[in-house]
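Take a look at the letters that make up each chain.
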Amino acid sequence: MLKSFKPVVTSFMVVVLGCSLAACGQNHTVNENAMRAKNNRNRLESKSLPNGLDLSHSAKQLANRADQVTGVNKATVVLHKREALVGLDVSDMGKRAIIEKQVYAALKGQYPVYNIHVTAERGIHDKIGKLDNGLTNGHPIKTFAHDVADIIRDIGDGVTGP
């Protein structure tokens, strides 16, 4: 009787161990499938925006953020598609380059979808101000896209990027 008892107990232990391992694996599979479905749903929801970009920010929001940087007296921002032109009136022209880099970092960190172009050069800031005045006063600007491209070129020629 003892000889037949040992194989039965061993078989029983193997079956119990196999069932417990199968149950663990099945529970893990269920959790994995649920997580996979949740991740797919999140991907679909994020694709609901075109290219996943949110361009609903206003120029005033960006200007307010730039004004918060130390050394900036006044910031003027003009937005065109994904381009953000930022003109600065700074308190210390000796620290102009540092302030430009700080404003760039602050805006790029908060609004990464924009190509941000920052300048504290007086002449270019005046051009940005004229574009902004034309937009806010409701005057149609026929050459707006061309003017934006010219200002971006002027900023690129005058200042190396941060």
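Please refer to the structure placed before this passage.
What counts and how
- Residues numbered from 1 in each chain as written.
- Predicted model: local features only at pLDDT ≥ 70, side-chain atom pairs only at ≥ 80, totals over all residues.
- Heavy atoms only, no water.
- Helix = DSSP H or I, 4+ residues; strand = E, 2+ residues; numbered from the N terminus.
- Buried < 20%, exposed > 50% of the residue type's maximum accessible area, 1.4 Å probe, protein only.
- Contact = heavy atoms within 4.5 Å.
- Areas by Shrake-Rupley, 256 points an atom, 1.4 Å probe, with all protein chains shown as cover.
- Polar contact = N/O pair within 3.5 Å; in protein donor to acceptor, adjacent residues only side chain to side chain.
- Pairing = 2+ DSSP bridges.

Undergrad: Help me understand the overall build of the protein, please; the structure alone is not making it clear to me.
TA: Within the protein, the regular secondary structure consists of 5 helices and 3 strands. Mapped from its N terminus to its C terminus, the protein presents α and β elements in the order α-α-β-β-α-β-α-α. Relative to its 162 residues, the protein shows a buried fraction of 25%. Counting only contacts in the protein whose residues sit at least 6 apart along the sequence, the fraction spanning at least 24 positions is 59%. Of the roughly 11,000 Å² that the protein leaves accessible, carbon and sulfur atoms contribute 58%.

Undergrad: Where do I start with the side chain of Glu100 in this structure?
TA: Counting through the fold element by element, Glu100 comes out in helix H3 (residues 96–110). A relative accessible area of 7% places Glu100 in the buried class. Among the polar contacts made by the side chain of Glu100, one reaches the main-chain amide nitrogen of Ala120 at a distance of 2.7 Å.

Undergrad: Please clarify how the pairing of strand S1 (residues 72–80) should be interpreted in this entry.
TA: Each regular strand shows side chains that alternate between the opposite faces of the sheet. With 8 bridges connecting them, S1 and strand S2 (residues 83–90) associate as antiparallel partners. Note that in S2 the partner of Thr76 across the bridge is Gly87. The hairpin turn running from S1 into S2, its antiparallel successor, is 2 residues long, and Lys81 in that turn takes a positive phi close to 55°.

Purely spatial values, then, with no claim about function.
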